[in-house]
Amino acid sequence: MPIACSYYVTTVCNAKCGFCDIWEGPAHKKPKLVSMEHAEKIIRGLKKLGVRYIDFTGGEPLLQRNLPELLAIAKKIGLKTGLVSNGYLYPARAHEFIDLVDSASFSLDSSDRDRHNASRKLQCYDRVIESIELAKRNKQFVNINFSVGNENMDEIPGMMALAKELRTVVHVMPMFGYFGNPALDAELTRQLKYLHKQPYMSVNLAAIKFQAEGGNDPEKPKCKAIKANVAVSQDGKYLLPCYHAAQERMDIDVEDPVGQWKSPAMQEHIKKSGRYDFCKGCTIWCYMTPSFMYTLDSYFLLQAYSYAKDWAKLSSNRMRDAIKYGREVTREELIAENQPVSVLGE
Ligand code: SF4
Ligand code: SF4
């Protein structure tokens, strides 16, 4: 049964990153979001399956007008929530997410404004910096997602300095090679190991080992997409085996989620994940890192160690943020401060 879900609340994005094809794909067809009543049934069903954490992602999830309602449904039934965003719209919408997001991740490719904006083809650097402060003020666990590829290894010192300045943990992940781009070279990947000893820097040692050793092997797959992390689309389908290589979009049976999960068709999909030809060398982290939790081996142990270190870094930041912001403002004041701004243009 899955412990995590990647909920793709939109397939459109306002950025045009060179290392991602979401913005230029069939995504622009914009599948319709299911009704909130239906979404609640889906999310309740996911909980019955064992899901404890839902990452609301995309595309750019903040382009989804109904995101606060989806988050509220998940929080109402006791699930942990995460948000992964390029930060462009967060300052304008922050007031909508108070008490609804447990952890917020904002992406940065460089500590240099121009380089980051050029990489994203979106003027979002300043908004990411503002988003980080706002999310901390709104009592969310905040981290910066920093994907390291062959071209931006030289950004690491700058990111370390920025992390210190912002007192925010930078989550460093080796770039995976899925959208026709080369993955971070094996030797360069190994070089990232030292970062786990640096304050404010977080690396998953299991991910480093996995990528340096060539990623997923379809003969002996580590990937447990579906079983560990199930992908759900905005129009109420399971994306099987994963968002990036969906072979089937299966309607979610909201009346009998457990029965559907145990069905031969779903079990067949679970069996096949990680075993397709296109799975060779894959390191798509949102599926791979939850997969490491399912087998007691060196990846499991390295990841557990890395997470424990991260947790300590994030918690000490959170404590410091609580001291800085916690007693200063009430929820009502936060809402009043973050005045609604119409940004979606829909
Ligand atoms: S912000 Fe994220 S979803 Fe959008 S183009 Fe960049 S990597 Fe892709
Ligand atoms: S190995 Fe990669 S492409 Fe294959 S199912 Fe897993 S996440 Fe998807």
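First things first, this report covers the structure right here in the doc. (Residues numbered from 1 in each chain as written. Chains lettered and ligands numbered in written order. Predicted model: local features only at pLDDT ≥ 70, side-chain atom pairs only at ≥ 80, totals over all residues.)

**Quick notes on the overall build of the protein**
To keep it simple, the criterion reads: Starting at the N terminus, helices and strands are each numbered in turn, a helix being any DSSP run of H or I of at least four residues and a strand any DSSP run of E of at least two. Think of it as a crowd count around each C-beta: if 20 or more other C-beta atoms lie within 10 Å the residue is buried, if 12 or fewer it is exposed, and in between it is partly exposed, with C-beta placed from the backbone throughout. Once C-beta atoms have been placed from the backbone, residue pairs whose C-beta atoms lie within 7 Å are recorded as contacts.
The number of helices and strands found in the protein is 13 helices and 10 strands. The proportion of buried residues among the 346 residues of the protein is 44%. Long-range pairs, those at least 24 residues apart, make up 76% of the contacts in the protein between residues at least 6 apart in sequence.

**Side note on the nonpolar core**
Keep this limit in mind: Under the definition applied here, buried Ala, Val, Leu, Ile, Met, Phe, Trp, Tyr and Cys residues are grouped into a nonpolar core through C-beta atoms within 7 Å.
Counting residues in each nonpolar core, the largest one holds 86 residues, and the members touching the most others are Ala163, Val170, Val172 and Val232. Counting residues per element, this core draws most heavily on helix H5 (residues 125–137), which supplies 6 residues. Those residues within four positions of Val232 in sequence are excluded, and the remaining contacts are Cys5, Tyr7, Tyr8, Ile42, Tyr238 and Ile252.

**Remarks on the sheet that holds strand S7 (residues 201–203)**
Note the threshold: Two strands are counted as paired when DSSP detects at least two bridges linking them. Only the stretch in contact is used when a helix axis is fitted, and all axes are lines through C-alpha atoms; the angle between N-to-C directions ranges over 0 to 180 degrees.
Overall, mixed pairing links the 10 strands, which are arranged S7-S6-S5-S4-S3-S2-S1-S8-S9-S10 in an open sheet. Lying at the two open borders of the sheet, with one neighbouring strand each, are S7 and strand S10 (248–251). When strand polarity is set aside, the average angle formed by the axes of neighbouring strands in this sheet is 30 degrees. Pairing geometry for strand S1 (residues 4–8) and strand S8 (residues 229–233), over 5 bridges, is parallel. Bridged to Ala4 within S8 is Asn229. Running over the sheet, helix H8 (residues 205–212) touches strand S6 (169–174) and S7 and is turned about 20 degrees from S6.

**Examining the site of ligand 2**
Counted only if it meets this: Defining nearness, a residue is near a molecule or strand when the C-beta atom obtained from its backbone falls within 6 Å of it. Throughout this entry, Asp, Glu, Lys and Arg are counted as charged residues, while Ala, Val, Leu, Ile, Met, Phe, Trp, Tyr, Cys and Pro are counted as nonpolar. The remaining residues, Gly among them, count as polar.
As a matter of local geometry, ligand 2 sits amid 15 residues, with Cys223, Pro241, Cys242, Cys279 and Cys282 nearest to it. When its residues are assigned to classes, the shell around ligand 2 shows 11 nonpolar, 4 polar and no charged.

**Observations concerning the site of ligand 1**
Among the 11 residues in the neighbourhood of ligand 1, the closest are listed as Cys13, Ala15, Cys17, Cys20 and Asn86. Classifying every residue of the shell around ligand 1 gives 6 nonpolar, 3 polar and 2 charged.

**Focus on the environment of Cys286**
With respect to the element layout, Cys286 can be found in helix H11 (residues 285–291). A C-alpha to C-alpha distance of 9.7 Å links Cys286 and Cys242, two positions 44 residues apart in sequence. If we skip the residues at most four places from it in the chain, Cys286 touches Ser6, Asp55 and Asn229.

**Side note on the pairing of S8**
Where burial is concerned, most of S8 is hidden: 5 out of the 5 residues are buried. Taking every second residue as pointing to the same face, both faces of S8 are buried, with Asn229, Ala231 and Ser233 on one and Val230 and Val232 on the other. As defined by bridge partners, S8 adjoins strand S9 (residues 237–240) across 2 bridges and the pair is classed as antiparallel. From the neighbouring strand, Val232 faces S9, where its bridge partner is Tyr238. Where S8 hands over to S9, the hairpin turn is made up of 3 residues, of which Gly236 adopts a positive phi near 80 degrees.

**Considering the packing of helix H1 (residues 36–49) against helix H2 (residues 67–76)**
Test applied: Helix crossings are classified by the rotation of the near helix relative to the far one: an anticlockwise turn of less than a right angle makes the crossing left-handed, while a clockwise turn makes it right-handed.
For the pair H1 and H2, the least separation of the axes is 10 Å and the interaxial angle reads 35 degrees. Pair H1 / H2 crosses with right-handed handedness. Each of Met36, Ala39, Glu40 and Ile43 in H1 lies in contact with H2, whose residues at this interface are Glu69, Leu70, Ile73 and Ala74. Here the contact of H1 with H2 is composed, by residue class, of 6 nonpolar, no polar and 2 charged.

**Let's talk about H1**
Just so we agree on the cut-off: Given the number of residues in a helix, its expected span is that number minus one, multiplied by 1.5 Å. Along the arc lie the directions from the helix axis toward the C-beta atoms.
The end-to-end C-alpha distance of H1, which contains 14 residues, comes to 20 Å, matching closely the 20 Å that a straight helix rising 1.5 Å per residue would cover. Among the residues of H1, those classed as buried are Ala39, Ile42, Ile43, Gly45 and Leu46. For H1, the buried positions fall inside an angular range of 155 degrees around the axis, keeping them on one side. For H1, the exposed residues lying more than 90 degrees away from the buried face are Glu37 and Lys48. Immediately downstream of H1, the backbone of Gly50 shows phi near 120 degrees, a positive value.

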